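Now for the letters of each chain:
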Amino acid sequence: MEISDLRIALFSGNYNYTRDGANQALNRLVGSLLGLGAAVRVYSPTVAEPDFEPTGDLVSLPSFRMPVKGRGEYRLPTGLNAKVRRDLDKFKPNIVHLSSPDPSGHAALRWAQDHDIPVLASVHTRFETYPRYYKMGFLEPLVVMMLRRFYNRCDALVAPSQSMIDELLAQKMHDDIGLWTRGVDRTTFDPSKRDMEWRRSLGLADDDIAIVFLGRLVMEKGLDVFAETIVQLRKRQAPHKVLVIGDGPARGWFEEALPGGIFAGFQTGADLGKALASGDLFFNPSITETFGNVTLEAMASGLPVVAAGATGASSLVDEWETGRLVPPGNAAEFAEAIAPYCTNHDLRMRHGAAGEAKSREYSWAAINQVVADTYVRLVEDRRALIEQETAEEAAA
């Protein structure tokens with residue numbers, strides 16, 4: 001079977017209406033698949049004014065606005081209505097790709113099983129960790145159980161880092177898990193994008209050490225740990241400034257928690273590459289990512305990285321070579337790890353250069369080929385199984 005023979009129905013909870021790392025990866029995947037001659041149909045909630053134009057054909061899923069404080073820009077797909085089912089019947093996919101374990105993902109899984117079509121699921125975030133950021137940590141075991149049931153009904157999984165694969169195996173989510181890592185756009189993220197005039201316009205002196213936070217401003221990104229780390233860093237009298245790139249519902253809280261912090265707001269494209277390269281150190285305390293696109297982008301921009309030693313970052317950051325890994329949630333240890341970078345120019349330059357060199361290993365073309373090859377394997381395996389069952393029935 002050739003990749004051009006694939007007909008892929010891809011389901012996403014957010015394909016393009018709000019920009020995030022997961023849907024950037026999915027859009028790049030679809031672009032690669034279309035370039036290889038495959039047919040792709042994407043099913044996702046839609047809005048009147050999305051953040052960006054979708055790659056490929058997009059069919060709207062029924063959905064409603066998330067009724068969770070701080071997540072109101074997201075929509076929850078509610079299933080497959082008659083219009084979507086007719087579209088699926090007309091498209092006739094031979095593989096289904098699920099990128100979110102939401103109600104539509106569950107419905108699509110049942111539809112695929114009813115039509116004897118293999119299913120690949122991609123894991124993009126640590127959903128089971130979310131309840132702890134909304135004072136509902138007691139729900140975490142239940143979420144793990146629900147995720148396990150969902151993923152084990154799929155034919156295979158792909159995850160973006162070896163550390164996430166190890167976590168999924170330990171949680172017994174599946175035993176067939178491939179590595180679909182992430183790439184970085186080197187035309188956007190590169191040390192050459194550093195802009196001293198832009199820094200000065202924000203009030204950063206040329207010799208200021210700017211500690212960067214990049215991401216959506218929501219509590220599950222570890223904003224509380226970031227803020228407490230800065231408090232600890234000030235106690236150590238380590239010279240620094242804080243540069244926050246991003247926006248979100250928790251911005252007001254973050255601004256109050258970081259007096260004197262510089263908030264550059266949401267940036268994208270060339271502006272994002274300029275903003276990131278204009279920092280001096282990237283600090284990522286989050287534990288919810290399965291990969292950490294922002295960590296790779298920071299490395300490509302020539303910044304040393306201090307990050308939580310959790311899924312994602314632990315597969316990217318080489319301890320004492322490209323940065324530091326610190327036990328999650330430990331603000332004092334984060335401050336201890338960051339402090340030397342605030343005073344040691346050679347250390348910053350050496351670890352930043354090593355991270356930039358490592359980031360060059362992440363090519364989108366090779367990365368997306370892995371997913372295409374997995375599709376082909378699952379379709380061929382299913383066809384072989386059907387042929388075997390048919391032969392056995394005929395023999396009986």
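Residues numbered from 1 in each chain as written. Predicted model: local features only at pLDDT ≥ 70, side-chain atom pairs only at ≥ 80, totals over all residues. Heavy atoms only, no water.

## Section: the packing of helix 7 (residues 223-235) against helix 12 (residues 331-343)
Here is step 1 of the chain: Taken N-terminus to C-terminus, the directions of helix 7 and helix 12 make an angle of 60°; their axes are 8 Å apart at the nearest point. As far as their axial angle goes, helix 12 and helix 7 are oblique. Seen from above, helix 7 lies across helix 12 with right-handed handedness. Here Val 225, Glu 228, Thr 229, Gln 232 and Leu 233 of helix 7 come into contact with helix 12, specifically with Ala 331, Ala 332, Phe 334, Ala 335, Ile 338, Ala 339 and Cys 342.
Here is step 2 of the chain: Partitioning the contact of helix 7 with helix 12 into residue classes produces nine nonpolar, two polar and one charged. (Axes fitted to C-alpha atoms, helices over the stretch in contact; angles between N-to-C directions. Helix = DSSP H or I, 4+ residues; strand = E, 2+ residues; numbered from the N terminus. Parallel < 35°, antiparallel > 145°, perpendicular 65-115°, else oblique. Left-handed = near helix turned anticlockwise from the far one by under 90°. Contact = heavy atoms within 4.5 Å. Nonpolar A, V, L, I, M, F, W, Y, C, P; charged D, E, K, R; others polar.)

## Here's the deal with the sheet that holds strand 2 (residues 39-44)
Here is step 1 of the chain: Taken in spatial order, the seven strands of this open sheet run 3-2-1-6-7-8-9, and their pairing is parallel. Each end of this open sheet is capped by a strand with a single partner; those strands are strand 3 (57-60) and strand 9 (177-179). Mean inter-strand twist for the sheet, computed between neighbouring axes without regard to direction, equals 25°.
Here is step 2 of the chain: Of the strand pairs in this sheet, strand 6 (residues 95-98) and strand 7 (residues 119-122) are connected by three bridges, and their pairing is parallel. Looking across to strand 7, one finds that Leu 98 is bridged to Ala 121.
Here is step 3 of the chain: Where helix 2 (residues 82-91) meets the sheet, it contacts strand 1 (7-11), strand 2 and strand 3, and its direction lies at approximately 170° from that of strand 2.
Here is step 4 of the chain: Strands in contact with helix 3 (residues 103-114) are strand 1, strand 6 and strand 7; relative to strand 6, the strand with the most contacts, it is inclined by about 160°. (Pairing = 2+ DSSP bridges.)

## Some details on the pattern of salt bridges
Here is step 1 of the chain: Per the counting criterion, the structure on display carries 21 salt bridges.
Here is step 2 of the chain: Across the salt bridge formed by Glu 356 and Arg 186, the nearest N and O atoms sit 2.6 Å from each other. A residue pair is termed long-range when its members are at least 10 positions apart, and Glu 356 in helix 13 (residues 345-359) and Arg 186 in the loop between strand 9 and helix 6 (196-201) qualify at 170 residues.
Here is step 3 of the chain: By relative accessible area, which is 22% here, Arg 186 ends up partly exposed.
Here is step 4 of the chain: We note a salt bridge from Arg 236 to Glu 336, for which the minimum N-O separation is 3.2 Å. With Arg 236 in the loop between helix 7 and strand 11 (241-245) and Glu 336 in helix 12, this residue pair connects regions lying 100 residues apart in the sequence.
Here is step 5 of the chain: Overall, Arg 236 belongs to the partly exposed group, its relative accessible area being 34%.
Here is step 6 of the chain: Classification of Glu 336 as partly exposed rests on a relative accessible area of 49%.
Here is step 7 of the chain: Salt bridges sharing partners connect three or more residues here, namely Arg 186, Asp 190, Glu 356 and Arg 360. (Salt bridge = Lys/Arg side-chain N within 4 Å of Asp/Glu carboxyl O. Buried < 20%, exposed > 50% of the residue type's maximum accessible area, 1.4 Å probe, protein only.)

## Points about the sheet that holds strand 14 (residues 305-308)
Here is step 1 of the chain: Reading across the sheet, the six strands line up as 12-11-10-13-14-15 and stay open at both edges, with parallel pairing between neighbours. Single-partner strands in this sheet number two, and they are strand 12 (262-265) and strand 15 (323-326). Sheet twist, expressed as the average angle between the axes of neighbouring strands with direction ignored, equals 20°.
Here is step 2 of the chain: As paired elements, strand 14 and strand 15 share four bridges and run parallel to each other. Of the residues in strand 15, the one forming a bridge with Val 305 is Gly 323.

## Considering the packing of aromatic side chains
Here is step 1 of the chain: In this structure the tally under the stated criterion is 10 aromatic pairs.
Here is step 2 of the chain: The interplanar angle of 15° and the centroid separation of 4.8 Å between the aromatic rings of Phe 11 and Tyr 43 together place this pair among those described as stacked. With Phe 11 in strand 1 and Tyr 43 in strand 2, the pair connects residues that are 32 residues apart, well separated along the chain. In this structure, Phe 11 and Tyr 43 share a single accessibility class: buried.
Here is step 3 of the chain: Taking 5.4 Å as the distance between ring centres and 70° as the angle between the ring planes, the aromatic pair formed by Phe 213 and Phe 254 counts as edge-to-face. Residue Phe 213 is located in strand 10 (residues 210-214), and its partner Phe 254 is located in helix 8 (residues 251-257); the two are separated by 41 residues in the primary sequence. Just as Phe 213 is buried, Phe 254 falls in that class too. (Phe/Tyr/Trp six-rings, centres within 6.5 Å; stacked < 30°, edge-to-face > 60°.)

## What to know about helix 10 (residues 293-300)
Here is step 1 of the chain: Burial of helix 10 is extensive: seven of the eight residues sit out of reach of the surface.
Here is step 2 of the chain: Restricting attention to buried positions, one finds in helix 10 the residues Val 294, Thr 295, Leu 296, Glu 297, Ala 298, Met 299 and Ala 300.
Here is step 3 of the chain: Close packing links the buried residues of helix 10 with strand 10, helix 9 (269-277), strand 13 (281-284), strand 14, helix 11 (313-316) and helix 13.
Here is step 4 of the chain: Directly after helix 10, the chain includes Gly 302, whose backbone phi takes a positive value near 85°.

## As for the packing of helix 1 (residues 21-35) against helix 14 (residues 364-395)
Here is step 1 of the chain: Closest axis-to-axis distance for the helix 1/helix 14 pair is 10 Å, and the angle between their directions is 75°. By the angle class used here, helix 1 and helix 14 are roughly perpendicular. When helix 1 is examined against helix 14, the residues Ala 25, Arg 28, Leu 29, Ser 32 and Leu 33 are found in contact with a partner set consisting of Trp 364, Asn 368, Val 371, Ala 372 and Tyr 375.
Here is step 2 of the chain: Considering only residue class, the contact of helix 1 with helix 14 consists of seven nonpolar, two polar and one charged.

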